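Each chain, letter by letter, is given below.
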Amino acid sequence: ERFETKAFVDQLLGMGNLQGLKEIIEDKSVMESQEKLVQKITSKGGEFTFRDMYDQFQTLMNLGSFGKVMSMIPGFQNLMGEGREEQSQMRIKRFMTVMDSMTNVELDSDLKIFNMQPERLYRISIGSGVDQRVVWEVLETFKQFKRVADQLKVMGRSGLDFSR
């Protein structure tokens, strides 16, 4: 990371490093993937799927250290306590492992397939080597992501422009 006096002083004062955060996001082509996701969701018939959630987790993991990214956001420097960064990364990795055990049909679907065929949950838990409770956590997390995606869809259809 390049040394920038202003950014260094801002971080010391607890004001974050928005310029550094902007560079990380732009450098990692996060904006492009986010724009594609928003376009997909807001298009007619566009649905948020488990594959989309997996891609979001992958993007998050590619950003680097959670602690470093959080420290760049004003007011978030101390939000992630000691050891919580590692816990968060392990949880996301475990969720990704669960989704790695899903078939393409499951990844490209929403919750309906699991409601109609609950035995899929058992197969996924065996395949990923986790307890069924973890698979349920993935489904619950998906519900939260889907709620946000559905809100984006409504806002997009009401004429809001999500482009830069």
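Here, every reference points to the structure presented above.
Keep in mind it's a predicted model, so treat the numbers as computed, not measured.

To continue, consider the overall build of the chain. In terms of regular secondary structure, the chain is built from ten helices and zero strands. In the chain, the order of α-helices and β-strands from amino to carboxyl end is α-α-α-α-α-α-α-α-α-α. Residues counted as buried form 35% of the 164 residues belonging to the chain. Just so you have it, the chain exposes about 10,600 Å², and 55% of that area is on carbon and sulfur atoms.

Here we come to the packing of helix α4 (residues 50–62) against helix α6 (residues 84–100). The interhelical angle for the contact between α4 and α6, taken along N-to-C directions, is 145°, at an axis separation of 10 Å. Between α4 and α6 the crossing geometry is left-handed. When α4 is examined against α6, the residues Phe50, Met53, Tyr54, Phe57, Gln58, Leu60 and Met61 are found in contact with a partner set consisting of Gln89, Ile92, Lys93, Phe95, Met96, Met99 and Asp100. Looking at side-chain class alone, the contact of α4 with α6 contains ten nonpolar, two polar and two charged residues.

Here we come to the pattern of salt bridges. The tally for this structure, following the rule as stated, stands at nine salt bridges. Here Arg51 makes a salt bridge to Asp108, at a shortest N to O gap of 2.5 Å. Of the two residues, Arg51 is situated in helix α4 and Asp108 in the loop between α7 (104–107) and α8 (112–116); the sequence distance between them amounts to 57 residues. Arg51 gets classed as partly exposed once you look at its relative accessible area, which sits at 29%. With a shortest N-O distance of 2.9 Å, Glu140 and Lys143 are connected by a salt bridge. Highlighted residues: Glu140 and Lys143, both in helix α10 (residues 132–157), separated by three residues, approximately one helical turn. Here Glu140 falls in the partly exposed class, since its relative accessible area comes to 37%. Salt bridges sharing common partners tie together Glu47, Lys146 and Asp150.

One can find Lys40 in helix α3 (residues 30–42). Through-space distance from the C-alpha of Lys40 to that of Asp52 is 9.8 Å; in sequence the pair is twelve residues apart. In this structure, Lys40 is in contact with Gly46, Glu47, Thr49 and Asp52, ignoring residues within four places of it in sequence.

Rules of the game
Residues numbered from 1 in each chain as written. Predicted model: local features only at pLDDT ≥ 70, side-chain atom pairs only at ≥ 80, totals over all residues. Heavy atoms only, no water. Helix = DSSP H or I, 4+ residues; strand = E, 2+ residues; numbered from the N terminus. Buried < 20%, exposed > 50% of the residue type's maximum accessible area, 1.4 Å probe, protein only. Areas by Shrake-Rupley, 256 points an atom, 1.4 Å probe, with all protein chains shown as cover. Axes fitted to C-alpha atoms, helices over the stretch in contact; angles between N-to-C directions. Left-handed = near helix turned anticlockwise from the far one by under 90°. Contact = heavy atoms within 4.5 Å. Nonpolar A, V, L, I, M, F, W, Y, C, P; charged D, E, K, R; others polar. Salt bridge = Lys/Arg side-chain N within 4 Å of Asp/Glu carboxyl O.

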